[in-house]
Amino acid sequence: MRFSVLTFPGSNCDHDCWHALKNVLRQKVDLVWHKEARLPQGTDCVVVPGGFSYGDYLRCGAIARFSPVMAAVRAHAGRGGLVIGICNGFQILTESGLLPGALLRNRSLKFLCETVHLRVENASTPFSRLARGGRVLAVPIAHGEGNYTCDAETLRHLEDRGQVVFRYCEEDGAVTPRANPNGSLENIAGIVNQAGNVLGMMPHPERVCETEMGGTDGRLIFESMLDALTAKG
Amino acid sequence: MPITPKVVKEHGLTAGEYRNILKILGRKPTYTELGIFSVMWSEHCSYKTSKPLLKGFPTRGPQVLQGPGENAGVVDIGGGFGVCFKIESHNHPSAIEPYQGAATGVGGILRDVFTMGARPIACLDSLRFGDPKDPHVRNLIKGVVAGIGGYGNCVGIPTVAGETVFDDVYRENCLVNAMAVGLLRADRIARGTASGLGNPIIYIGSTTGRDGIHGATFASVELSEQSGERRSAVQVADPFMEKLLLEATLELVASGLLVGIQDMGAAGLTSSSVEMAFRGGAGAEIDVSLVPKRESGMAPYEVMLSESQERMLLVARKGKEKGVLKILEKWGLHAAVVGRVTGDGRHKVFEGGRLVSSIPVKPLADDHHPLFPRAHRPEKRPAYLAKTRAFKLRSVPEPKDYGEAFWKLWSGPNLAGKGWIWRQYDHMVRTNTLVLPGSDAALLRVKENGSAIALAVDGNGRYCYLDPFVGGMIAVAEAARNVAMSGARPLACTDCLNFGNPEDPEIMWQFHQAVKGMAEAAQALGTPVVSGNVSLYNESPRRAVDPTPVVGVLGLLKPVQGRLRWASQWFQRGGDAVYLAGETREELGGSEYLARLHGLKAGQPPALDLRREKALQEFVIRAVGRGLLASAHDLADGGLLAALAESCVRGARRGSPALGARVALAGSIRMDALLFGESQSRALLSCRPGDSAALESLARRLRVPLKRLGEVGGSSLRVEASAPGRQVRLDLPVSEVENVHDKAFPSLMGEESL
C-alpha cells in the first residue's frame, strides 16, 4: 500500500508517521510537501500528521487548509480514498470541512501529554475493522487543543450514523468524565466522515507501534487500514 | 549621543575598561562602538570573571569531537554519529516575564544545537523556585512550565527529563536552565566561523526589532525592584519561526554551501558577527541598512544590539548565494546579504555608505588579548560557614513517629511527583523515548545507529551552600550516577553555573570552590565538560541564590548482540530481590530531611569518594548490560526510604498495578540517618531471585558493598528498621504512596489535579 504523509511548515509528527509506516509496517511512504498540487501517483491513503502547522497561529489548522496539497486531499477523499488526520491533522481536517465540528482548548487550559484509553465505538470503519467493538486501546495524546465540540444536530448525526469511532474511557472501557482528558463532548476522541473514509483523531497511534515505545495498540489502526485496502483490492 | 562618564557607566563598563577602549581605538568611541564594547565585554559574553577558573575543567577525551568554544559540544556515539549538547540559563528574563523568558531560553539553546548541524532530539530543564504556595512563585512556575512546553512542543522536540527544586532562596531569582541535545553525522559538524575573503554574510530568520536590547548587559547585573522596568530587555518567542529555521539550517548544512553559521543569541548581530570573524581569523563588514527590520527608524546602535529571537547569521561560499536563498525561500524565511568577510581583522558597521563603527576584532573577542577585560575578583571564605559547620546532629531530636515524618517529606514540593510539570511537555514526539520522565534518567533510542542515549540533569544548591567544593563534585557525580542507573555509560557533561554577584568575595569563593570540585569529579569519572554556560548576578535586594551549579550528563548505551538492555527506577515484578549497593553513613548535613522536618540548612554535605562512586557506577552499568537488574535507582533527596517509595510508584506507563516491597534495614547509626540520610554512591536495585548470585559476585569483584534488603511484592511498602536503641515498623500502602506522589504537587499549586 502507498501512503502519503503531508508536511506543512510546522508539522512535527510527519517523520514519526513515516517511521511507523515505513520501518514498522513496511509500507511504501512518501513525505509530501504542502506546496505540491498533486499526491504521488498511486496514493492509497493520506496521513495528515500532528504538529503545529503554521505555529497554530490564528487557529489550529486554519492556515494549513489553504495549502495547495489540501485540494488534492479533498479530491482524494471525494474519490473514496482513505485519509487519516492525527492531532493537528484532525484540526486541519475540521478546518477544511472534511470532518464536522471543531477542537477547542483543553478544559484545563494546559497542554497535556500522556497515555489515555480509547474505546472502539465502531469496529466497522476502515480504521478500526480489526478491533472488536468495545475493545480498549492505550494510545498517547499530546495536545493543547483537543476538546472536541460540535452543535447538537451534528452530534446527533455523528452518534446515529456511528461516526464516533473512538471515545476516551477508563482502562476497563467505562466512558466517564474522569477519563476525559480535555473536555471533549461525549468523550469523543475520533470521528469519521459520513462516507467513513476520512478519520480524525486526537491521540497518536504512530507513537505506539513498537513494544519498546510502551505498546503496539496504534498498529491496529494502521493494520485495519491495510486490511481495508486489501479487501477493496 | 555624547560619550560622558555617566553614559559609560550606564553601559556597565568600568573606568579601566573605558581606558582600554580609548587605547584600542586611539580615539573616543562612537555611540555604536560603545554599545558593541559594552555587550562584548559584559560578563555574559566575555566570561571575564569565570574564564580563568573554567580552564581547570577537563575538556578532552577520545569521545570528544568538539569541546567548549563553539555553539555547543559534540561527543562521538559510534556508527559515524555524534551527539551535540549544551545547557544554558535564562534566569533573569524568566524572573521578569516567566512565559517568554523560559520559552526564549529553550529557543536559544535549541539554536545552539542545530547551528552545529545537529537535529535536536531532546530537551531537558532544571528549575529552581521559591515556595509553590506563594502566589508570586506559583505564577512564575505556571509561566515557566507553560513557556518551556509551549516552545518545545511546537518545534516538536520532546522534553524528556529534568529536575525541579524549591527553596526560599530562589523566590525572587528563579533559575531556569534549559538543555538541548541533538544528533548529527560526525563528519558534518558545522561551525561558527567566518572566513574566505569576500564571502557573503547572510542574515536569516525573524526581523530585527527593539526587543531585548542590552539583554546581555541585563543578565550581568542583579535583579532589583526596578527590574520589572527592564521588561523590554526580555525577548518574545516565535517557535514556529524556530522550526522553519531548524529545517532550513539542516538543509543548508547538508548542502555544503556554507562556510559557517551562528545563532544570534545574546548580543545578537554584534556577538555573532564578531565571534565568527574571530574564529575565522578574519574581519567583517555589516551594513545595518540591509538588515530586515520590524520597526522603522532604528539606529545602528539598536540594530547591532537587538536580541530579537530566531535569527541566524551565515557565511556562504562566494557565488553560492542563490542556492542558499533558494533553500531559505522554500521555508519562507527572510534572508538578506548584509555584509561580507574582509581581510583587515576589523569589525566594521556601516549604515548605507556611512561608517559608524570600526573596531579590531581581537580585543573584542580574544581573551588572550592584553586589553581584553579581566576581572580579578577577590575571594573570601564566607562567614556563614562557621555557623553551619558548628552544627551538631546531637541537637536534632529524632522524629517520634517515622510514618508521619515520611509522609511530610513525601508530600513536600521537592519529593512530590512532577507529572504536573512534565505532562505539559510533549515527551514522546519523535518516537524515541524509551524511558519516560520520572526516572533517574531519560533514555532515548537512536534509530540511526541502534544505540541509545541516557540523559540527566542535576544539581544541589543546599550542598553547595554548605560546601561548594563537595557540592560541585556531587553535582557531577549524581548526574553521572543517574545516567549510569539506566545502564548507559556516562560520556561527557555540560554545566550551567548559577551564582550570585561575583563582586562579593564570598560568592567568588563559592564559585571557585564549586568549579574545582566539579573539575575533580569530571576528571575522575571520565566525563569531560564539552559545553556550558555561566550565570552570575543571581541576586535580589534580599539575598543571593544558593550557589547552584547544574550538570547535564550524556551517557551511551550500546546494544549487546543487537539488543538494547536498560533499567529504570521502577520495580518490575513481585518476588524480585531488593538490594542496596553502597555504604550508608550517619550523614544528614544538607539533607532534605533536615530542611523539611527541622527547618535547618546546616552541617556538612555527605562525603563523596570518587573511587567508590566510579566503582558503583561501573557495577550498575555492567549489571544492567548483563541483564541482571530489573530496576536501578539512585539514592538522593530523602535517602533510602524515599528511594524505596519512588521505586514502588509507577512511572508514566501504568499497565499493571503498583508494587509494594518488604524490606528489613539495620544500622549502627541514628534511625533518621538510616532512613533519610543522603550518603553518596548508593543505589537501590532489584533483580530476579535467580540472578542474585551473579549480582552478588559481580559486586564482590568490583568491591561494591551490596546488601540484600528484602523483596518486591504486596500492596504496601513494609519496612522494619533497627538502629541503636530504636526499632521502627512502617506499613505504607502503595496506593496511598502513589496517590500522594501524584497529587501533592497539583495541590501545592492550588489545583486538585491536572
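Attention here is on the structure that accompanies the text.

Rules used throughout
- Residues numbered from 1 in each chain as written.
- Chains lettered and ligands numbered in written order.
- Predicted model: local features only at pLDDT ≥ 70, side-chain atom pairs only at ≥ 80, totals over all residues.
- Heavy atoms only, no water.
- Helix = DSSP H or I, 4+ residues; strand = E, 2+ residues; numbered from the N terminus.
- Rg over C-alpha atoms; globule rule 2.2 N^0.38 Å.
- Buried < 20%, exposed > 50% of the residue type's maximum accessible area, 1.4 Å probe, protein only.
- Contact = heavy atoms within 4.5 Å.
- Areas by Shrake-Rupley, 256 points an atom, 1.4 Å probe, with all protein chains shown as cover.
- Lys, Arg positive; Asp, Glu negative; His and termini not counted.
- Charge placed at Lys NZ, Arg CZ, Asp CG, Glu CD.
- Buried area = accessible area lost by both parts, 1.4 Å probe.
- Salt bridge = Lys/Arg side-chain N within 4 Å of Asp/Glu carboxyl O.
- Polar contact = N/O pair within 3.5 Å; in protein donor to acceptor, adjacent residues only side chain to side chain.
- Disulfide = S-S within 2.5 Å.
- Phe/Tyr/Trp six-rings, centres within 6.5 Å; stacked < 30°, edge-to-face > 60°.
- Pairing = 2+ DSSP bridges.
- Axes fitted to C-alpha atoms, helices over the stretch in contact; angles between N-to-C directions.
- Left-handed = near helix turned anticlockwise from the far one by under 90°.
- Nonpolar A, V, L, I, M, F, W, Y, C, P; charged D, E, K, R; others polar.

**Let's talk about the overall build of chain A**
Right, so step 1: Along chain A, the regular secondary structure elements total 5 helices and 11 strands.
Right, so step 2: What you see for chain A is a C-alpha radius of gyration of 16 Å, in line with the 17 Å of a compact globule of 233 residues.
Right, so step 3: The principal-axis extents of the C-alpha atoms in chain A amount to approximately 45 × 40 × 35 Å.
Right, so step 4: When each of the 233 residues of chain A is scored for burial, the buried share is 62%.
Right, so step 5: Counting only contacts in chain A whose residues sit at least 6 apart along the sequence, the fraction spanning at least 24 positions is 75%.
Right, so step 6: With an accessible surface of roughly 8800 Å², chain A has 48% of that area assigned to carbon and sulfur atoms.
Right, so step 7: Separation between the mean location of the 24 positive side-chain charges and that of the 24 negative ones in chain A comes to 5 Å.

**Focus: the interface of chain A and chain B**
Right, so step 1: Contact with chain A, which involves 29 residues of that partner, is made by 32 residues of chain B.
Right, so step 2: Between chain A and chain B lies a buried interface of about 2500 Å² when both sides are counted; carbon and sulfur atoms form 62% of it.
Right, so step 3: Looking only at chain A, the three residues that lose the most surface to chain B are A:Lys110, A:Cys113 and A:Met213, adding up to 23% of its buried area.
Right, so step 4: In this structure, the connection of chain A to chain B is made through 5 salt bridges.
Right, so step 5: Between B:Arg445 and A:Glu210 there is a salt bridge whose closest N-O contact spans 2.8 Å.
Right, so step 6: For the interface between chain A and chain B, the tally reads 12 residue pairs in polar contact (both at pLDDT 80 or more).
Right, so step 7: The set of elements that each furnish at least two residues to the side of chain A that touches chain B consists of helix H1 (14-24), strand S6 (112-120) and strand S7 (136-143) of chain A.

**Some points on the state of the cysteines**
Between two cysteines, a covalent bond joining their sulfur atoms is known as a disulfide.
Right, so step 1: Taken as a whole, this structure holds 0 disulfides over all chains when the rule is applied.
Right, so step 2: Summary of cysteine pairing: B:Cys154 is not part of a disulfide, and the nearest cysteine sulfur, belonging to A:Cys60, is at 9.9 Å.
Right, so step 3: Take B:Cys174: it sits in no disulfide, and the sulfur closest to it among the cysteines is that of B:Cys496, at 13 Å.
Right, so step 4: Overall, the relative accessible area of 0% leaves B:Cys174 in the buried class.

**Topic: the packing of aromatic side chains**
Right, so step 1: On inspection of all chains with the given rule, the structure shows 15 aromatic pairs over all chains.
Right, so step 2: With centroids separated by 5.9 Å and ring planes inclined at 85 degrees, the aromatic side chains of A:Tyr57 and B:Phe240 adopt a geometry described as edge-to-face. Remark: B:Phe240 occurs in helix H10 (residues 239-255) and A:Tyr57 occurs in the loop between strand S3 (45-48) and helix H2 (68-78); the pair is interchain, linking two chains.
Right, so step 3: According to the relative accessible area criterion, A:Tyr57 is partly exposed, its value standing at 34%.
Right, so step 4: Ring plane angle 35 degrees and centroid distance 5.5 Å describe the contact between B:Phe166 and B:Phe745, whose orientation is recorded as tilted.

**Topic: the sheet that holds strand S3 (residues 81-89) of chain B**
Adjacent strands of a sheet pair through backbone hydrogen bonds, lying either parallel or antiparallel.
Residues and elements named next belong to chain B.
Right, so step 1: With mixed pairing, 6 strands are arranged side by side in an open sheet as S1-S2-S3-S6-S4-S5. A strand with exactly one partner marks an edge of an open sheet, and here the two such strands are strand S1 (64-66) and strand S5 (159-166). Going across the sheet, the axis of each strand differs from the next one's by a mean of 25 degrees, ignoring polarity.
Right, so step 2: Of the pairings in the sheet, the one linking S3 to strand S6 (residues 175-185) comprises 9 bridges and is antiparallel in character. Each bridged residue has a counterpart across the sheet, and for Phe85 the counterpart in S6 is Val181.
Right, so step 3: Sitting on the sheet, helix H8 (residues 135-155) touches strand S4 (119-129), S5 and S6, and the angle it makes with S4 is about 175 degrees.

**Observations concerning the packing of H8(B) against H10(B)**
Residue and element names in this part refer to chain B.
Right, so step 1: With their axes 8 Å apart at the nearest point, H8 and H10 run at an angle of 40 degrees to one another. The hand of the H8/H10 crossing is right-handed. Each of Gly150, Tyr151, Cys154 and Val155 in H8 lies in contact with H10, whose residues at this interface are Pro239, Phe240, Glu242, Lys243 and Leu246.
Right, so step 2: Its residues placed into classes, the contact of H8 with H10 shows 6 nonpolar, 1 polar and 2 charged.

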